[in-house]
Amino acid sequence: MSSQSTPVNGGPEPILLLLDPVARQVDGESVRIAKDVLCGGADVKVAHPETPSELDRLLSHRGRRRPVVIGSDLALQRVLQALYRQRELGAEPVGMVPVGRAEEVAAARALGVPTEPVRAARAVLSGIARRLDLLVDDGGGVALGGVRIIGGGARRPVGRTGGWRSLWAKLAAAEQANALSAEAVDHSPRVRVEADGRLLADVHRPVRLVELTLPADGVLEVVVRALGAEVRARAASVSVVGRGFGYEADGHPVGPVRARTWTAHPGAWDLLLPAA
């Protein structure tokens, strides 16, 4: 994932602090500590959005306030998704204090966000804004790091639900398919995969894995694995079509859907990270 760092000028900007309701249940002490540090160093408006529409309203009326999330990767993902829909993504840096189990904050950790609440809060107040890429799909979803379609009998992802609490609820990552048996092949998705118009897989051959990642140069890396074969490609966009398939975005289940196109958006947003 490509990045570009710039110092945050002047003192701390006013903050719209978005609290993941699940984070308070998982680790209320870390939430309290991070909130105290942020409120002690900046003008903070604290919000507890209960629905996607309330989140949209808060973000659209935030004025000069920078959005800061206390919660999981999924909480950050939902905020970026809302900003993208409002065409506000990249207008100003976004901050995050990760709170959740290790697997729930893995994407934030990979991006360089401190997992300790005081360090993460201080990065929001006096860190640098690092320009990052984003993976955006034609259904309005976003992914910070990658997307996977898993075959071989792995657990099928379930659809998104309507409530904000359920959107931020703890979702287990699908198990990895380490071996492809004859029985697993029958449960593998039959999909057509194209990368910038180049055919990588077709419906006559079930796939074990389709994986999309964003490396350092802002171009998608695509891996398609089937029984006895693997195809790799680089592309600006990837389209997948099938009778119905589920997928993971940053480890969180989505679908099933019949078609989806993902596009790399280089330098789409800025994340506040420690200066050193």
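The preceding data block contains the structure.
Cut-offs and rules
Residues numbered from 1 in each chain as written. Predicted model: local features only at pLDDT ≥ 70, side-chain atom pairs only at ≥ 80, totals over all residues. Heavy atoms only, no water. Helix = DSSP H or I, 4+ residues; strand = E, 2+ residues; numbered from the N terminus. Buried < 20%, exposed > 50% of the residue type's maximum accessible area, 1.4 Å probe, protein only. Contact = heavy atoms within 4.5 Å. Expected span 1.5 Å × (residues − 1). Arc of directions from axis to C-beta. Pairing = 2+ DSSP bridges. Axes fitted to C-alpha atoms, helices over the stretch in contact; angles between N-to-C directions. Phe/Tyr/Trp six-rings, centres within 6.5 Å; stacked < 30°, edge-to-face > 60°.

Of regular secondary structure, the protein chain possesses eight helices and 15 strands. With 276 residues in all, the protein chain has 51% of them scored as buried. Across the protein chain, the fraction of contacts at a sequence separation of at least 24, relative to all contacts at a separation of at least 6, is 72%.

Because the α-helix completes a turn every 3.6 residues, residues three or four places apart line up on one side. Under the 1.5 Å per step criterion, the end-to-end length of helix α2 (residues 28-41) is 20 Å for 14 residues, consistent within 8% with the ideal 20 Å. Residues of α2 that are buried: Ser 30, Val 31, Ala 34 and Leu 38. Buried residues of α2, seen end-on, are gathered within an arc of 100° and therefore sit on one face of the element. Of the surrounding secondary structure, the elements contacted by the buried residues of α2 are β2 (15-19), α1 (21-26), β3 (44-47), β4 (66-71), β5 (95-98) and α6 (117-126).

Before going further, it helps to spend a moment on the sheet that holds β3. Strand order in this open sheet of four strands is β3-β2-β4-β5, and the pairing throughout is parallel. The strands lining the two open edges of the sheet, one partner per strand, are β3 and β5. Taken pair by pair, the neighbouring strands of this sheet meet at an average axis angle of 20°, ignoring direction. Sitting on the sheet, helix α3 (residues 52-60) touches β2, β3 and β4, and the angle it makes with β2 is about 170°. Contacts from α6 reach β2, β4 and β5, with the element oriented near 180° to β5.

Going through the model one piece at a time under the given rule, you end up with one aromatic pair. Pairing Tyr 247 with Trp 262 gives two aromatic rings, centres 5.0 Å apart and planes at 90°, and the pair type is edge-to-face. Residue Tyr 247 is located in strand β14 (residues 237-249), and its partner Trp 262 is located in strand β15 (residues 252-273); the two are separated by 15 residues in the primary sequence. On the accessibility criterion, Trp 262 (2% relative accessible area) is buried.

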